[in-house]
Amino acid sequence: MKNNSILNLDYIYEKNRFNYSFVAIPTKLIIGEEFKELDYGSKLLYGLLLSRVSISFQNREDFVDEATKRVFIKYSYADIAKKLGCSKSSAGKYLMMLEKYGLIEIEKVKSKGWETKIYVKDFSKKLEEDK
C-alpha cells in the first residue's frame, strides 16, 4: 500500500512505547469559558511549564524557595521560543498572558545577570473550587 503522507513514519512498536513524554494541559484550560480569551500558545506553554515543575521536584535544593517553600522553574524566553517554535517576543507574550490570568508568577532576580524565576500556580485547587 502506497503511503501518500508528508512524513514517511514507522509505527510505534511495543519495544519503543516508552520513548514518548507528554505535556498535560488541564481540560478546563482548553474548554473553560473563563479561559476563552487565552490563546493556544499560552495554553500549550502552561502545559510545558507544568511538566517542568515535576523536574523541579527532583532537584529540590535548586528549585524550591527556602523562605516560602514554593517550587519554581527557570526557563528563558529563548528556551521557550525554541521549544514552541516561536519568536522570543511571542514567548514573552505567552508568559505575560499566563501571568495576567494568574496561572504563573514571574520574578526577575539579579544574579549573574538577570534571571527569570517562574512560579507555576496550582490549577487543581481552582478546579476543585469550581465543582
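Residues numbered from 1 in each chain as written. Predicted model: local features only at pLDDT ≥ 70, side-chain atom pairs only at ≥ 80, totals over all residues. Heavy atoms only, no water.

**Re the overall build of the chain**
Right, on to step 1. Secondary structure summary: the chain contains six helices and three strands in total.
Right, on to step 2. Put simply, the chain runs from its N terminus to its C terminus through helices and strands in the order α-α-α-β-α-α-β-β-α.
Right, on to step 3. Counting every position in the chain, which comprises 131 residues, the buried fraction comes to 30%.
Right, on to step 4. Accessible surface, the chain: about 9,700 Å² in total, of which carbon and sulfur atoms supply 55%. (Helix = DSSP H or I, 4+ residues; strand = E, 2+ residues; numbered from the N terminus. Buried < 20%, exposed > 50% of the residue type's maximum accessible area, 1.4 Å probe, protein only. Areas by Shrake-Rupley, 256 points an atom, 1.4 Å probe, with all protein chains shown as cover.)

**Comments concerning the confidence of the model for the chain**
Any residue range with low pLDDT should be treated as having predicted coordinates unsuitable for detailed reading.
Right, on to step 1. Here the chain shows a mean pLDDT of 82. Residues at 70 or above account for 80%.
Right, on to step 2. By mean pLDDT, the top-scoring element of the chain is helix α5 (residues 88-100) (95), and the lowest-scoring one is helix α6 (residues 123-129) (65). (pLDDT = per-residue confidence, 0-100.)

**Overview of unusual backbone geometry**
Right, on to step 1. Although it is not a glycine, Lys69 adopts a positive phi angle of roughly 65 degrees.
Right, on to step 2. Along the chain, the position of Lys69 falls in the loop between α3 (60-63) and β1 (73-74).
Right, on to step 3. Classification of Lys69 as partly exposed rests on a relative accessible area of 49%.

**Observations regarding the side chain of Lys43**
Right, on to step 1. Inspection of the secondary structure puts Lys43 in helix α2 (residues 40-58).
Right, on to step 2. Asp39 provides the closest opposite charge to the buried, salt-bridge-free Lys43, at an N-O distance of 7.9 Å.
Right, on to step 3. At 3.4 Å, the side chain of Lys43 and the backbone oxygen of Ile30 are in polar contact.
Right, on to step 4. Residues in contact with Lys43, not counting those within four places in the same chain, are Ile25, Leu29, Ile30, Phe35 and Leu38. (Lys, Arg positive; Asp, Glu negative; His and termini not counted. Salt bridge = Lys/Arg side-chain N within 4 Å of Asp/Glu carboxyl O. Polar contact = N/O pair within 3.5 Å; in protein donor to acceptor, adjacent residues only side chain to side chain. Contact = heavy atoms within 4.5 Å.)

**A closer look at α5**
Right, on to step 1. Taking 1.5 Å per residue as the helical rise, α5 with its 13 residues ought to reach 18 Å, and the 18 Å between its terminal C-alpha atoms agrees with that figure.
Right, on to step 2. Regarding α5, the residues found buried are Ala91, Gly92, Tyr94, Leu95 and Leu98. One face of α5 carries all of its buried residues, which in axial projection span an arc of 160 degrees. Pointing more than 90 degrees away from the buried face of α5 are the exposed residues Ser89 and Lys100.
Right, on to step 3. One or two positions beyond α5, positive phi appears at Gly102, with a value near 85 degrees. (Expected span 1.5 Å × (residues − 1). Arc of directions from axis to C-beta.)

**Things to note about the pattern of salt bridges**
Right, on to step 1. Applying the stated criterion across every chain, the model contains five salt bridges.
Right, on to step 2. For Arg70, the salt bridge goes to Glu105, with nearest N and O atoms at 3.6 Å. Of the two residues, Arg70 is situated in the loop between α3 and β1 and Glu105 in strand β2 (residues 104-110); the sequence distance between them amounts to 35 residues.
Right, on to step 3. Judged by relative accessible area, which is 32%, Arg70 ranks as partly exposed.
Right, on to step 4. For Glu105, a relative accessible area of 27% gives the class partly exposed.

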